[in-house]
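Breakdown of the fold
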Amino acid sequence: MPKTVLIASDHGGFALKTALIPALREAGCAVEDLGPDCAGSCDYPIFADKLCARLLAAGEEGQNGAVLGLLICGTGLGMSMAANRHKGVRAALCTCEFMARMARAHNNANVLCLGERVIGQGLAQDIVRAFLTANFEGGRHLRRVELFEKQA
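Residues numbered from 1 in each chain as written. Predicted model: local features only at pLDDT ≥ 70, side-chain atom pairs only at ≥ 80, totals over all residues. Heavy atoms only, no water.

A word on the pairing of strand 1 (residues 4–9). Counted residue by residue, strand 1 has six buried out of six residues, so it is predominantly covered. Alignment of strand 1 against strand 2 (residues 30–33), held across four bridges, turns out to be parallel. By the bridge assignment for strand 2, Val5 is matched with Val31. With helix 1 (residues 14–26) bridging strand 1 and the parallel strand 2, this β-α-β connection has right-handed handedness. Where strand 1 lies against strand 3 (residues 67–73), six bridges are found, and the strand directions are parallel. Across the sheet, residue Thr4 finds its bridge partner in strand 3, namely Val67. (Buried < 20%, exposed > 50% of the residue type's maximum accessible area, 1.4 Å probe, protein only. Helix = DSSP H or I, 4+ residues; strand = E, 2+ residues; numbered from the N terminus. Pairing = 2+ DSSP bridges. Right-handed = clockwise from strand over helix to strand, strands pointing away.)

On to the environment of Ala19, then. Looking at the secondary structure, you find Ala19 in helix 1. Accessibility expressed as a relative area gives 22% for Ala19, which makes it partly exposed. Along the primary structure Ala19 and Val5 are separated by 14 residues, whereas in three dimensions their C-alpha atoms are 14 Å apart. When residues no more than four places from it in sequence are discounted, the contact partners of Ala19 are Gln121 and Gln125. (Contact = heavy atoms within 4.5 Å.)

A word on the nonpolar core. Core analysis: the biggest nonpolar cluster contains 25 residues, and Leu70 and Leu114 have the highest contact counts within it. The element best represented in this core is helix 6 (residues 121–133), accounting for six residues. If you look at the next biggest cluster of nonpolar residues, it comprises 20 residues, including Ala8, Leu34, Ala82 and Cys113. (Core = buried A, V, L, I, M, F, W, Y, C linked by side-chain atoms within 4.5 Å.)

This is how it looks when you write it as structure tokens:
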């Protein structure tokens, strides 16, 4: 389980972000809400960039899973595209628990992206729990993950 979860959304993910924060805190995570602070229309790339900058500033903690990110928009697609433009960020759009576990275990994902308009709050909580409790397996997967950075 990470020590800190960074969380951000746009207007399309604001309600889900608001619902997930108490559950994250109950699970023992420190939560940094990076915005927005209301459901008014806003641009998801701004909040994805803010979260990614904070994650990358965490250095080793952001790469070893002690700090993880959670980005939420209407579909999760825009947030995942915006986040993956940052070198060192491995954002995964997940719609089920299996995807979330594999994103961490095989791809060492450090940002989970969710779509509020795609999944309900209960499933979102299950996906987040799977993501946060899974650990990177390393081994043969490490070689492949290292190729991400060589291609960037």
